[in-house]
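A structural walkthrough
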Amino acid sequence: MTETGKDTTVVIVGGGVAGLALGHFLLRKGVGCVVLEKHTREYVERRQRAGALDAGGVRVLNEWGVGEVVEGHSHGDSDSGVPLLIDGAKRWWKMGDDDEDDVDGAFCPQQILVRNLIRIFLRDGGDLRFGAQDVSLQDIDTEQPLVRYREPDGSTRTLTCDFVAGADGYRGVSRTAIPEDVLTCFSHEFGYAWLTVMTEVPADPLALLAVHSRGFAAQITRGPSASRLYLQCPLTDTVEQWPDERIWSELGARFGEPVERTGPITSKQVVPLRGVVFSPMSYGRLYLLGDAAHLISPMSAEGMSLALHDADVLARAVIQQVEKNDPSLLDSYSDACLNHTWERQASAVQVTQTMHDSGDATYEGEFRKQIARKDLETMLEPLAVPHPAS
């Protein structure tokens, strides 16, 4: 059985940070939208994903009146407050003298941000449909795109709309609706991977990074009773090569002291580090945002902030079209977001290479290691300057 859904202005495919933020922004201005998420609410709210928000990301949320989603997670020393261990010696990041931000970044795990966005979106009357399977986009190059999907009960729904926002991630269906001869993929492989490990062990401090001759390592909070561990490893490594005992031992070696284990390891994955940008970020009435349009090195911790930037730009463009019949911001959406994305990619490549090249020299050689160490020193407080007491 097929039934036709009610028309709406924007159909948003994907209920992650990008899609939910866009839905919030449109809802605040009275622009009709429907968010389609293929997973169940329970799955989405439990799904553990990495992420932190920079000051720009928090500012976007505040400007749209939804800053409450990160309340309790902001921290005033987001730059200097993350210690870095260099061969076991603790160092502190240099504070920027020209930092004009009047807003703090936030250690808000993506899982918590998504959970809060869902709760507030539904509270405010948003239309969020979980379990939307087999989504397909049609007629996106016409004035009335169609979005079809299958309900959890097996029935097929069709939504007509003015615009489609593809926020369903790197492996989503939205981007595949753009003809292959229109879309260009730019990518960079860093030549190494991270073993990412979820543990039921709290992080204290909330984030700890390490540069060591054995490779990069980190422990980042994922809430009050969990953290994610990161260990640089060759691209050819497999999860089977990393039993639990080896993970804890290697983390301790790179941190310079044993790590207390108060809970089990719950998952492991080997993730190659890379950057990806798709261009253009729009085609017809389809607009890509978040991971559907770009992946950034996780070393930069800017994935969520990039997603919020895209949502902010697209929301303002749609609102201008709806309220003033002015398509200029929609026409410039792709160029504006790509310009910002490439700026952040440039920064991400620099910090990723600096942090990894300055550790294990077997990847890029001793010459690059020494250069990276000098670059790293420019980012850190001098050894003679103690970190101010918290």
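Owing to the predicted nature of the structure, the values given are computational and were not obtained by experimental measurement. (Residues numbered from 1 in each chain as written. Predicted model: local features only at pLDDT ≥ 70, side-chain atom pairs only at ≥ 80, totals over all residues. Heavy atoms only, no water.)

**Topic: the environment of Thr266**
- Relative to the helices and strands, Thr266 resides in strand E14 (residues 265-279).
- Sequence separation between Thr266 and Cys161 is 105 residues; the distance between their C-alpha atoms is 42 Å.
- Once you skip the residues sitting within four places of it in the chain, Thr266 turns out to touch Met198, Thr199 and Glu200. (Helix = DSSP H or I, 4+ residues; strand = E, 2+ residues; numbered from the N terminus. Contact = heavy atoms within 4.5 Å.)

**Concerning helix H1 (residues 17-28)**
- In this model H1 runs 16 Å from its N-terminal to its C-terminal C-alpha over 12 residues, within 8% of the 16 Å that 1.5 Å per residue would give.
- For H1, a buried count of 10 out of 12 residues is recorded, marking the element as mostly surrounded by other parts of the structure.
- Along H1, the positions that sit buried rather than exposed are Val17, Ala18, Gly19, Leu20, Ala21, Leu22, Gly23, His24, Phe25 and Leu26.
- Where H1 terminates, the next one or two residues include Gly30, which has phi positive at roughly 75°. (Expected span 1.5 Å × (residues − 1). Buried < 20%, exposed > 50% of the residue type's maximum accessible area, 1.4 Å probe, protein only.)

**Side note on helix H5 (residues 244-255)**
- If you check H5, its first and last C-alpha atoms are 17 Å apart, about what 12 residues at 1.5 Å a residue would give, namely 16 Å.
- In this structure, the buried residues of H5 make contact with strand E4 (84-86), strand E10 (184-199), strand E11 (207-211), strand E12 (217-221), strand E13 (227-233) and E14.
- The positive-phi residue at the C-terminal boundary of H5 is Gly256, with phi of around 90°.

**A few points about the sheet that holds E11**
- Overall, mixed pairing links the eight strands, which are arranged E5-E4-E11-E12-E13-E10-E14-E17 in an open sheet. Each edge of the open sheet is held by one strand with a lone partner, namely strand E5 (89-91) and strand E17 (294-295).
- Of the pairings in the sheet, the one linking E14 to E17 comprises two bridges and is antiparallel in character. From the neighbouring strand, Val276 faces E17, where its bridge partner is Leu295. (Pairing = 2+ DSSP bridges.)

**Remarks on the state of the cysteines**
- Scanning the entire structure with this criterion turns up zero disulfides.
- You can see Cys161 has no disulfide; the closest cysteine sulfur is in Cys33, sitting 11 Å from it.
- Here Cys161 falls in the buried class, since its relative accessible area comes to 3%.
- Of all cysteine sulfurs, the one in Cys185 lies closest to Cys337, which takes part in no disulfide; the gap is 17 Å.
- You can call Cys337 buried: its relative accessible area is 0%. (Disulfide = S-S within 2.5 Å.)

**Here's the deal with the confidence of the model for the protein chain**
- With 91% of its residues at a pLDDT of 70 or more, the protein chain has an overall mean of 90.
- Of the regions scoring below 50 in pLDDT, residues 1-5 engages in 11 contacts with residues more than four places distant in sequence or in other chains.
- pLDDT under 50 marks residues 75-80. Its contacts with residues more than four places away, or in other chains, come to 13 contacts. (pLDDT = per-residue confidence, 0-100.)

**A short note on the layout of surface pockets**
- In this structure, the second largest pocket encloses a volume near 390 Å³.
- Lining the second largest pocket we find 17 residues, and of these Asp204, Leu208, Gln219, Glu257 and Val259 sit closest to its centre.
- Broken down by class, the residue content of the lining of the second largest pocket amounts to nine nonpolar, four polar and four charged. (1 Å grid on protein atoms, 1.4 Å probe; cavity = no way out; pocket = protein on both sides within 12 Å on 5 of 7 lines; lining within 4 Å. Points joined across faces, edges and corners; volume = space filled by probe spheres on them. Nonpolar A, V, L, I, M, F, W, Y, C, P; charged D, E, K, R; others polar.)

**Topic: the packing of H1 against helix H4 (residues 110-123)**
- Viewed as axis vectors pointing N to C, H1 and H4 meet at an angle of 30°, and their least axial separation amounts to 10 Å. Compared by their axis directions, H1 and H4 come out roughly parallel. In the packing of H1 onto H4, the handedness of the crossing is left-handed. Together, Val17, Leu20, Ala21, Gly23, His24, Leu27 and Arg28 of H1 and Gln110, Leu113, Val114, Leu117, Ile118, Ile120, Phe121 and Arg123 of H4 make up the contact between the two elements.
- Class assignment of the residues belonging to the contact of H1 with H4 gives a composition of 10 nonpolar, three polar and two charged. (Axes fitted to C-alpha atoms, helices over the stretch in contact; angles between N-to-C directions. Parallel < 35°, antiparallel > 145°, perpendicular 65-115°, else oblique. Left-handed = near helix turned anticlockwise from the far one by under 90°.)

**With respect to the packing of aromatic side chains**
- Here the structure, examined in full by the defined rule, presents nine aromatic pairs.
- Between Tyr192 and Tyr363 the ring centres are 5.6 Å apart and the planes differ by 80°, which places this aromatic pair in the edge-to-face class. In this pair, Tyr192 is assigned in strand E10 and Tyr363 in the loop between helix H8 (333-357) and helix H9 (366-377), connecting sequence segments 171 residues apart.
- On the basis of relative accessible area, Tyr363 is assigned to the partly exposed category, the value being 23%.
- The lysine or arginine in question, Arg175, covers the ring of Tyr170, its NZ or CZ lying 5.1 Å from the ring centre.
- The side chain of Arg175 reaches across the aromatic face of Phe278, ending 3.9 Å from its centre. (Phe/Tyr/Trp six-rings, centres within 6.5 Å; stacked < 30°, edge-to-face > 60°. Lys NZ or Arg CZ within 6 Å of the ring centre and 35° of its normal.)

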